[in-house]
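Listed below are the residues making up each chain.
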Amino acid sequence: MEVILDGSSGWPVSGEDVTLGSVFDQARKQAEGKNRVVVSLMLDGESLNRARQDELRAKPVHGFDLLEIKTVDPVRMSGDTVKLLLPYMGGLERLHDEGISLLRGNDLARGLQKLRQCTDGWDVFTHAVRDIAHLTNIDFTTIPSGSGTLEDRFGRLSATLMRFRMALELKETERLAAIVDKELRIHLWEWRGVLETVQSQL
């Protein structure tokens, strides 16, 4: 099997006792040695997510032809992500406004649909921020934010979103409007400030 790293350099791998898992680990160690991280593994044209990698770890390399590995500079990737998230939050705020406006205009179905999109949007946001922390080795439990830490801020956001989802399921329009106006708007403002601080340090 041939291993190709970032489309250029590579090396052959053979031997009945060599497993795919050992090759995955070797690739990650090489990336870390260059201050980079592996973001994509493609085996004979199949893109491997984490679950698929775990399934294949014990298999020998014999029988496979090509493993293509893509790596990135984690700091640069995180900076690019933050740049995308700042305007993304503006779009998320507009979704909240549109959803509440529709509810107050007695358009229940469309209003709830907009607000469901908000929950999906928050999920994308929180996963992206967690990815930034992972890539840059930021420990949210040690970074002060307001009266606590960034991890505490995540906890408060999660609690708000849990109540928001419950109100959506029950179609409690007054409660939804209150959560948006009194809680989610504040979260948006606070997290925008956090992202701007992170961006200045990358």
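Conventions we followed
- Numbering of residues begins from 1 in every chain and follows the order in which that chain's sequence is written.
- Thresholds applied to this predicted model are a pLDDT of at least 70 for local features of residues and 80 or more for the giving and counting of side-chain atom pairs; totals over whole chains, interfaces and linings are not thresholded and use all residues.
- Values reported for side chains reflect all heavy atoms of the structure, with hydrogen atoms and water molecules removed beforehand.
- Note on pairing: DSSP must find at least two bridges between two strands before they are called paired.
- Only DSSP runs of H or I covering at least 4 residues are called helices, and only runs of E covering at least 2 are called strands; the numbering of each starts at the N terminus.
- Only heavy atoms enter the contact rule, under which two residues are in contact if any of them lie within 4.5 Å.
- Orientation is described by lines fitted to C-alpha atoms, with helices fitted over the stretch in contact, and by angles between N-to-C directions that extend from 0 to 180 degrees.
- Here a polar contact means two N or O atoms within 3.5 Å. Within protein one must be a hydrogen donor candidate and the other an acceptor candidate, and residues neighboring in sequence count only if both atoms are side-chain atoms.

Caption draft 1: Local environment of the sheet that holds strand β5 (residues 66–72). With respect to topology, 5 strands assemble into an open sheet ordered β2-β1-β5-β3-β4, the strand pairing being mixed. Only two strands of the sheet have a single neighbouring strand rather than two, namely β2 (9–12) and β4 (46–47). Of the pairings in the sheet, the one linking strand β1 (residues 2–5) to β2 comprises 4 bridges and is antiparallel in character. Note on β2: the bridge partner recorded for Leu5 is Ser9. In this fold helix α1 (residues 20–33) packs onto β1, β2, β3 (37–43) and β5, with an angle of close to 145 degrees to the strand it touches most, β3.

Caption draft 2: Just the pairing of β3, in detail. Strand direction decides the pairing type here: β3 and β5, joined by 6 bridges, are antiparallel. Each bridged residue has a counterpart across the sheet, and for Val37 the counterpart in β5 is Val72. Two strands pair when backbone bridges link them, and β3 and β4 are joined in this way by 2 bridges, in the antiparallel orientation. Considered in β4, the bridge of Met42 is made with Ser47. Turn length for the β3-β4 hairpin, with the two strands adjacent in sequence and antiparallel, is 2 residues, and the turn residue Asp44 shows positive phi of about 50 degrees.

Caption draft 3: Spatial organisation of the side chain of Thr136. Following the sequence through the fold, Thr136 ends up in helix α4 (residues 108–136). A distance of 2.6 Å separates the side chain of Thr136 from the backbone oxygen of Ile132, its partner in a polar contact. Excluding its chain neighbours within four sequence positions, the residues that come into contact with Thr136 are Pro74, Val75, Ser78 and Leu202.

These figures come from the coordinates and say nothing about function on their own.
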